[in-house]
Number of protein chains: 2
Amino acid sequence: METLSYGQYSLVYNAFSFTFATMAATTLFLWLGRSQVGPAYKTALTISGLVCAIAAYHYFRIFQSWEEAYAVKDGVVSMSGYAFNDAYRYVDWLLTVPLLLIELILVMRLSEQETVSKSFKLGSAAALMVILGYPGEIATDNTTRMIWGTLSAIPFVYIMWQLFAGLGASVASQPDSVRELVKKARLLTFASWGFYPIVYMIPYTNLGGADVTVGVQVGYTIADLIAKAGLGVLIYMIAIRKSKAEYGEVAHA
Amino acid sequence: METLSYGQYSLVYNAFSFTFATMAATTLFLWLGRSQVGPAYKTALTISGLVCAIAAYHYFRIFQSWEEAYAVKDGVVSMSGYAFNDAYRYVDWLLTVPLLLIELILVMRLSEQETVSKSFKLGSAAALMVILGYPGEIATDNTTRMIWGTLSAIPFVYIMWQLFAGLGASVASQPDSVRELVKKARLLTFASWGFYPIVYMIPYTNLGGADVTVGVQVGYTIADLIAKAGLGVLIYMIAIRKSKAEYGEVAHA
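Okay, so let's go over this structure. Keep in mind that this is a model prediction, so the values were computed, not measured.

Comments concerning unusual backbone geometry
All names here are of chain A. The phi torsion at Asp-74 lies on the positive side, around 50°, for a residue other than glycine. Mapped onto the elements of the fold, Asp-74 is located in the loop between strand E1 (70-73) and strand E2 (76-79). In this structure Asp-74 comes out as exposed when scored by relative accessible area, which is 75%. Unusually for a residue other than glycine, Arg-109 sits at a positive phi of about 50°. Inspection of the secondary structure assignment puts Arg-109 in the loop between helix H3 (87-107) and helix H4 (112-137).

This is the structure in structure tokens:
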């Protein structure tokens, strides 16, 4: 790695702490919301909350790993000799990225068979995308990074095509009150996921080592916040509105 | 033990962290799901969640024990002098393996008497299997390992015979909507459990010490993920479908 200024070190440090707090708070918000939706939407909120809970755990670990990787004294940052563990992001994504697609499918309330088959297809493609990205992320040269990144883009394109073409008819059949929200959730998924490959490509630029580190860490963090907590809140709104339309007002403890 | 490369150390480290996160997430998923199933299926979800909770606890311990067993600095891995505690796996299995069989029996909703007698018989055999395996696991020579491994295989074969012959009639009497899922759950149990003896036998090969350590740790971890979290999700699906068929849509907080 490389020498960070104290400001750069702190920016990443605070971004990680902020993200842990946001993910943990969103988890609780979504799980408490389970009692306000009809039976058909409970699993969607369970899984949206799980995604944020898993992310909260990993941001806690990432935060600790960042702290251990640097020694900070009198405003000077130096490497501690303990490596920052980049793998936490990938193991997080391996779990959460398939679940993100599943929460989107669940809130649409398709037939049981369609739910299972689409969850399986999109979930597997998402896991494959994450697995193929990892060897590139830890590579020290940009050629290796580019090869794996390109391979990882294949399932990415397949997922996007499925979201827009494969799920198009299902989106169109959603009730009026939520159709626009479902489209927004899909668009938010598309836009936030599109951010990851951009961050992945930061090392291709001729930025210096420290700027690359900060850019990659802050970039992935922003993308995670939108893709997980942001999507979670949209899923909540859709579930509440659909429950009202289909079950009347739901009020359990 | 033996010297691991940094990549080998990290692979096991990240596999343990991933498994802790997966087990904890599955626990919450199954316990939140309790409100979505009928009274007859709540205990099956409670126990499936417990299995994952116990595993999460042990993977947290295993993770810490792994971290303490090695000193890693500047990318070089050396032994710290503190032993890695292999016993965590066996005490975990002593608790969780009988419970895994019980969750499978519970979700089938047999008569009360049959549930108790089958749980007792299969649970005891499972505990015996784990107890007999342990002296072999910690043995330093392969002959001792093989003797205890073979003894442990006797209750293993008995359990499999019971699952396929003894529970065959009960499986056939499951409602149409879940019969295939119950068969899948049984097959998943068979396949994932069959993986443990294979991992157990890795030290019989002429692989080097570090490769054996990594193979055994990663192998058991994958088997645990499938046997516990994978089975838990199947149990959840079976419980939801049977509840819908037997109770109509269930909506408790």
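Considerations on the interface of chain A and chain B
With 29 residues of chain A at the interface, the matching set in chain B holds 28 residues. Each partner contributes to the roughly 2,400 Å² buried at the junction of chain A and chain B, and carbon and sulfur atoms together form 62% of this total. At the boundary of chain A with chain B, the tally comes to one salt bridge. Of the charged contacts, one joins Arg241(B) and Glu112(A) as a salt bridge, the two residues approaching to 3.1 Å between their closest N and O atoms. Our enumeration of links across chain A and chain B arrives at 10 residue pairs in polar contact (both at pLDDT 80 or more). Where the side of chain A that touches chain B is concerned, the elements lending two or more residues are helix H2 (39-69), H3 and H4 of chain A. Here the side of chain A that touches chain B gets 11 residues from one element, more than from any other, and that element is H2(A). Here the side of chain A that touches chain B is built from residues that sort into 17 nonpolar, seven polar and five charged.

With respect to the environment of Cys52(B)
In this structure, Cys52(B) sits in helix H2 (residues 39-69). By relative accessible area, which is 0% here, Cys52(B) ends up buried.

Focus on helix H1 (residues 6-33) of chain B
The terminal C-alpha atoms of H1(B) lie 40 Å apart, and with 28 residues this matches the ideal 40 Å at 1.5 Å per residue to within 8%. Counting buried positions over the 28 residues of H1(B) gives 21, a clear majority of the element.

A look at the packing of helix H1 (residues 6-33) of chain A against H2(A)
All names here are of chain A. One way to put it is that H1 packs onto H2 with a least axis distance of 8 Å and a crossing angle of 155°. Here H1 is positioned roughly antiparallel relative to H2, judged by the angle of their axes. Along this stretch, H1 crosses H2, giving a crossing that reads as left-handed.

Concerning the nonpolar core
Judged by nonpolar contacts, the single largest core of 161 residues is most densely connected at Ile159(A), Trp193(A), Trp66(B), Ile159(B) and Trp193(B). With near-sequence residues (within four places) excluded, Trp66(B) lies in contact with Leu4(B), Tyr9(B), Val12(B), Tyr13(B), Phe16(B), Phe84(B), Thr213(B) and Gln217(B).

Concerning the relation of the copies chain A and chain B
The two copies are related by a screw operation: chain A maps onto chain B through 71° of rotation and 0.1 Å of translation along the axis, at an RMSD of 0.1 Å. Taken together, the rotation angle and the small translation identify this as a five-fold axis. A low fraction, 7%, of the interface residues of chain A reappear at the interface in chain B, so the copies pair through non-equivalent surfaces.

Re the packing of helix H7 (residues 176-200) of chain B against helix H8 (residues 209-247) of chain B
All names here are of chain B. One way to put it is that H7 packs onto H8 with a least axis distance of 9 Å and a crossing angle of 170°. Relative to H8, the element H7 is oriented roughly antiparallel. Per-class residue counts for the contact of H7 with H8 are 20 nonpolar, six polar and five charged.

Looking at the packing of aromatic side chains
If you walk through the whole model with that rule in mind, you get 38 aromatic pairs over all chains. Note on Trp93(A) and Tyr220(A): the rings are 5.0 Å apart at their centroids and 75° apart in plane angle, and the pair reads as edge-to-face. Taken as a pair, Trp93(A) in helix H3 and Tyr220(A) in helix H8 (residues 209-247) lie far apart in primary sequence, 127 residues in all. Across the pair, exposure class does not vary: Trp93(A) and Tyr220(A) are buried alike. With centroids separated by 5.2 Å and ring planes inclined at 80°, the aromatic side chains of Trp93(B) and Tyr196(B) adopt a geometry described as edge-to-face. Taken together, the residues Trp93(B) in helix H3 (residues 87-107) and Tyr196(B) in helix H7 connect sequence positions 103 residues apart.

Re the pattern of salt bridges
Applying the stated rule across the entire model yields 13 salt bridges over all chains. In this structure, Asp176(A) and Arg179(A) form a salt bridge, with 2.7 Å as the shortest nitrogen-oxygen distance. Taken together, the positions of Asp176(A) and Arg179(A), both in helix H7 (residues 176-200) and three residues apart, correspond to about one turn of that helix. Residue Glu137(B) is joined to Arg145(B) by a salt bridge in which the shortest nitrogen-to-oxygen separation is 2.9 Å. Its relative accessible area of 9% is what places Glu137(B) among the buried residues. By relative accessible area, Arg145(B) is classed as buried at 4%. One salt-bridge network, held together by shared partners, links Arg89(A), Asp92(A), Asp224(A) and Lys228(A).

Calculation rules
Residues numbered from 1 in each chain as written. Chains lettered and ligands numbered in written order. Predicted model: local features only at pLDDT ≥ 70, side-chain atom pairs only at ≥ 80, totals over all residues. Heavy atoms only, no water. Helix = DSSP H or I, 4+ residues; strand = E, 2+ residues; numbered from the N terminus. Buried < 20%, exposed > 50% of the residue type's maximum accessible area, 1.4 Å probe, protein only. Contact = heavy atoms within 4.5 Å. Buried area = accessible area lost by both parts, 1.4 Å probe. Salt bridge = Lys/Arg side-chain N within 4 Å of Asp/Glu carboxyl O. Polar contact = N/O pair within 3.5 Å; in protein donor to acceptor, adjacent residues only side chain to side chain. Nonpolar A, V, L, I, M, F, W, Y, C, P; charged D, E, K, R; others polar. Expected span 1.5 Å × (residues − 1). Axes fitted to C-alpha atoms, helices over the stretch in contact; angles between N-to-C directions. Parallel < 35°, antiparallel > 145°, perpendicular 65-115°, else oblique. Left-handed = near helix turned anticlockwise from the far one by under 90°. Core = buried A, V, L, I, M, F, W, Y, C linked by side-chain atoms within 4.5 Å. Least-squares fit on C-alpha atoms with pLDDT ≥ 70 in both. Phe/Tyr/Trp six-rings, centres within 6.5 Å; stacked < 30°, edge-to-face > 60°.

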